[in-house]
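Chain residues, written in single-letter form:
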Amino acid sequence: QVLLVESGGGLVQAGGSLRLSCTASGTIFSINAMAWYRQAPGKQRELVAVITSDGTTTYADSVEGRFTISRDNAKNVVSLQMNSLKPEDTAVYYCNANLKLKWWMTSFMDFWGTGTPVTVSS
């Protein structure tokens, strides 16, 4: 069993900053990648940023240059530093982990946190 717990969401004004964190705990053999997704009301869930075990990062065009994803592999923690926030960043942010529970498993599996809301006011 794997548990992902997010923290750091809240209400901020446009131009402000927030730092989200997610910790993966439980029986984990290895983590291939961790990512942040977000979903605004009435819209599809979208990828915000992803980081692989070797440190390779990918960002959505809408957050490039403003958000930074980082990880601590030893602690199984992924963070998202969000700067220069805009009202369109308002959404529930979800942590995702692509991992193997056991060494003998043939493929990685996805696990999700329950989300943390971020609201950016004008």
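Conventions adopted
- Residues numbered from 1 in each chain as written.
- Predicted model: local features only at pLDDT ≥ 70, side-chain atom pairs only at ≥ 80, totals over all residues.
- Heavy atoms only, no water.
- Helix = DSSP H or I, 4+ residues; strand = E, 2+ residues; numbered from the N terminus.
- Polar contact = N/O pair within 3.5 Å; in protein donor to acceptor, adjacent residues only side chain to side chain.
- Contact = heavy atoms within 4.5 Å.
- Buried < 20%, exposed > 50% of the residue type's maximum accessible area, 1.4 Å probe, protein only.
- Salt bridge = Lys/Arg side-chain N within 4 Å of Asp/Glu carboxyl O.

Q: So what's going on with the side chain of Asn 98? Residues and values would help.
A: With respect to the helices, strands and loops of the structure, Asn 98 is situated in strand E9 (residues 91-100). Only 3.0 Å separates the side chain of Asn 98 from the side chain of Asp 110, close enough to count as a polar contact. Ignoring any residue separated from it by four or fewer positions in sequence, one finds Asn 98 in contact with Ile 31, Asn 32, Ala 33, Phe 108, Met 109 and Asp 110.

Q: Could you give an account of the environment of Ser 107, with specific residues and numbers?
A: Tracing the backbone shows Ser 107 in the loop between E9 and strand E10 (109-112). Looking at Ser 107, the relative accessible area reads 40%, which means it is partly exposed. For the pair formed by Ser 107 and Gly 15, sequence separation is 92 residues and the distance between their alpha carbons is 41 Å.

Q: Please provide a residue-by-residue account of the pattern of salt bridges, values included.
A: Here the structure, examined in full by the defined rule, presents 3 salt bridges. Arg 38 serves as the salt-bridge partner of Glu 46, at 2.7 Å between the closest nitrogen and oxygen. You can call Glu 46 partly exposed: its relative accessible area is 34%. Taking the relative accessible area as the measure of exposure, Arg 38 reaches 5% and is therefore buried. Here Arg 38 and Asp 89 are joined by a salt bridge, their closest N and O atoms 3.0 Å apart.

Q: Mind laying out unusual backbone geometry, listing which residues take part and the relevant values?
A: Of note in the backbone geometry, Asn 76 takes a positive phi value of approximately 55° without being a glycine. Turning to its location among the elements, Asn 76 is positioned in the loop between strand E7 (67-72) and strand E8 (77-82). The partly exposed category is assigned to Asn 76, whose relative accessible area is 22%. Of note, Ser 84 is a non-glycine position whose phi angle comes to about 50°, a positive value. Tracing the chain through its elements places Ser 84 in the loop between E8 and E9.

These figures capture arrangement, not role.
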